[in-house]
Amino acid sequence: MPHTTTILAVDDEPVFRFLLERQLREIGYNVLTAADGLQALEILEGQTVDLVLSDLVMPRMDGLQLIGSVQKLYPSIPIIVITAHGSVESAVEAMRRGAYDYLEKPYDPEDLRITIRRALDYQHVVQENEQIKGLLTERYTFQSVVTVNPSMKQVLELASRVAAARQTTVAIYGESGSGKEVLARAIHFAGNGLPAEFVAVNCAAIPEHLMESELFGHVRGAFTGADRDREGKFSLARKGTILLDEIGDMPLPLQAKLLRVLQERVFEKIGSNTPIPVTCRVIVATNRSLADLVAAGRFREDLYHRVNVFPLTIPPLSQRKDDIPILCGHILEQLRQHLGKPLPGISQQALDLMLEYRWPGNVRELRNCLERAAILTDNELIRPGHLGLAGAAPEAVPEEGDGAGAGDASRVSYHLTLPVEELSLDALNEQILGITLERCSGNKSKASQLLKVNRKAFYRS
Ligand SMILES: Nc1ncnc2c1ncn2[C@@H]1O[C@H](COP(=O)(O)OP(=O)(O)OP(=O)(O)O)[C@@H](O)[C@H]1O
């Protein structure tokens, strides 16, 4: 069935809304209407919309606020605003906030047609580019699970074996930011090759009442506001992979539905009795222990056994610190390309600090930390102060006799590296002085207090 473009027209004046609706229908578009920004958002929640056409001045939620919300929740939908005659300033503000274009009242119907066409064409090109980019990045995903750690290598070995068994459900466990999605994509790519879809659903982020429709889709008239058919993620994944991320947060009633789908390998859209076969592989991921959730009565035991067919556990970064240098190299290379900076590397002191740190946010935190450092540096090595980690700032270094520093701050460790031919007690001493001084941001008094030596010791280093 050919896809008819749907436009959501938002205006608080009934007469103008009616006129707009008629003009758009004449051009051949499907039209939905809303009287203000809030109503527009309600409609966007339940239906697929290709473009929003909005007035700026409206009660409850005005056009500028609507642009902000649409940009955040549905960034691929282009917005055209309609402004009062002569209000160029508000048109400029709307475009600054992300509107694609504006029309000034009273506008020529031909201008309306051309502006909409241009916005939709532009959107089409953007989407195609995104798809190509997605395919290209996906291509390299198995190699992009960067590791030298033996436990992680074992996980990759198991993952590459299950990749070939395309019907097998995989459960990936690991702390937030440890690389569960990266691994899921790698399994998908290794098992499917390029054209198949990879569809990720974050079960913790979707409101409970929308999740069923999000997963399985609905038919027109299935519930109030369902004005047209909508595909769910299981359909969109086709012969590829669906990743159910944060599955531990799935509400119990939906768990029962998912169980049936996994058992019978068919599902129905809401409001339909027609069974649709499940053709995709299911991967679930969670940062919690599903077994604990079962014990607490928050996860169905039968579903647990269904999804836990092939469990893979990614160790947290704190248990594979040997991966930190290679991950840093990999991330810096990506940042060089993204930021267009030379980024010569990381100082030994900064690396030492990174090796000491606990990384509760895992690889994601490491990436964020390096991105921050890369932005702050210019053609120089990344130093401890650039990292913004607790322990790098002078106030985080425990004072003499101050045992109060909780956790990591109460312990200090040094990694000293020297070429064998330069090894000597003096040389090690020099390094310790240098690292300590750097950790205290060059404050010699603080560093000498910390090492319990005379301040003069630093004048040589
Ligand atoms: N082994 C790895 N090699 C390269 N990059 C990695 C690796 N592990 C994680 N990353 C990067 O770290 C970030 C977080 O990874 P990912 O989104 O896969 O984590 P996650 O465990 O799925 O997190 P969440 O539980 O919050 O969804 C991403 O930018 C990803 O590219």
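Residues numbered from 1 in each chain as written. Predicted model: local features only at pLDDT ≥ 70, side-chain atom pairs only at ≥ 80, totals over all residues. Heavy atoms only, no water.

K.L.:
How do you make sense of the packing of helix 9 (residues 208–216) against helix 11 (residues 252–264) when you look at a structure like this?
P.N.:
Geometry of a packed helix pair, given as the angle between the helix axes and the separation of the axes. One way to put it is that helix 9 packs onto helix 11 with a least axis distance of 11 Å and a crossing angle of 15°. With respect to each other, helix 9 and helix 11 are oriented roughly parallel. Crossing of helix 9 against helix 11: the hand is right-handed. Residue-level contacts link Met-211, Glu-212, Leu-215 and Phe-216 of helix 9 to Leu-254, Lys-257 and Val-261 of helix 11. Residue classes in the contact of helix 9 with helix 11 are distributed as five nonpolar, no polar and two charged. (Axes fitted to C-alpha atoms, helices over the stretch in contact; angles between N-to-C directions. Helix = DSSP H or I, 4+ residues; strand = E, 2+ residues; numbered from the N terminus. Parallel < 35°, antiparallel > 145°, perpendicular 65-115°, else oblique. Left-handed = near helix turned anticlockwise from the far one by under 90°. Contact = heavy atoms within 4.5 Å. Nonpolar A, V, L, I, M, F, W, Y, C, P; charged D, E, K, R; others polar.)

K.L.:
Looking at this structure, how should I read the sheet that holds strand 3 (residues 51–55)?
P.N.:
What holds strands together in a sheet is hydrogen bonding between their backbones, with the strands either parallel or antiparallel. Taken in spatial order, the five strands line up as 2-1-3-4-5 in an open sheet, and their pairing is parallel. Taken across any chain shown, the strands that pair with only one partner, and hence form the sheet edges, are strand 2 (30–34) and strand 5 (101–104). Recorded for the sheet is a direction-independent mean angle of 20° between the axes of neighbouring strands. Here five bridges tie strand 1 (residues 6–10) to strand 2, and the two strands are oriented parallel to one another. (Pairing = 2+ DSSP bridges.)

K.L.:
Looking at this structure, how should I read the site of the ligand?
P.N.:
Around the ligand there are 18 residues in total, and Ser-144, Ser-176, Gly-177, Lys-180 and Val-182 lie nearest to it. Ser-178 has a polar backbone atom sitting 3.3 Å from an oxygen atom of the ligand. Residue Lys-180 places a side-chain N or O atom 2.6 Å away from an oxygen atom belonging to the ligand. Within the complex, the protein chains bury 85% of what would otherwise be the 630 Å² of accessible surface of the ligand. Of all elements in the fold, only helix 8 (180–192), helix 14 (324–339) and helix 16 (362–376) reach the threshold of two or more residues within the shell around the ligand. Tallied by class, residues from the shell around the ligand come to five nonpolar, six polar and seven charged. Taken domain by domain, the makeup of the shell around the ligand includes at least three residues from each of domain 2 (140–315) and domain 3 (317–391). (Near = heavy atom within 4 Å. Polar contact = N/O pair within 3.5 Å; in protein donor to acceptor, adjacent residues only side chain to side chain. Areas by Shrake-Rupley, 256 points an atom, 1.4 Å probe, with all protein chains shown as cover. Domains from an automatic or database assignment.)

K.L.:
What's the story with the UniProt feature "modified residue: 4-aspartylphosphate" (unreviewed entry) in the protein in this structure? I'm lost.
P.N.:
Those places that UniProt annotates as "modified residue: 4-aspartylphosphate" (unreviewed entry) correspond, in this numbering, to Asp-55. Inspection of the secondary structure puts Asp-55 in strand 3. Overall, Asp-55 belongs to the buried group, its relative accessible area being 6%. Dropping the residues within four chain positions of it, Asp-55 is found in contact with Val-10, Asp-11, Asp-12, Gly-63, Ile-82 and Lys-105. (UniProt positions renumbered as here; feature names shortened; annotations may be inferred. Buried < 20%, exposed > 50% of the residue type's maximum accessible area, 1.4 Å probe, protein only.)

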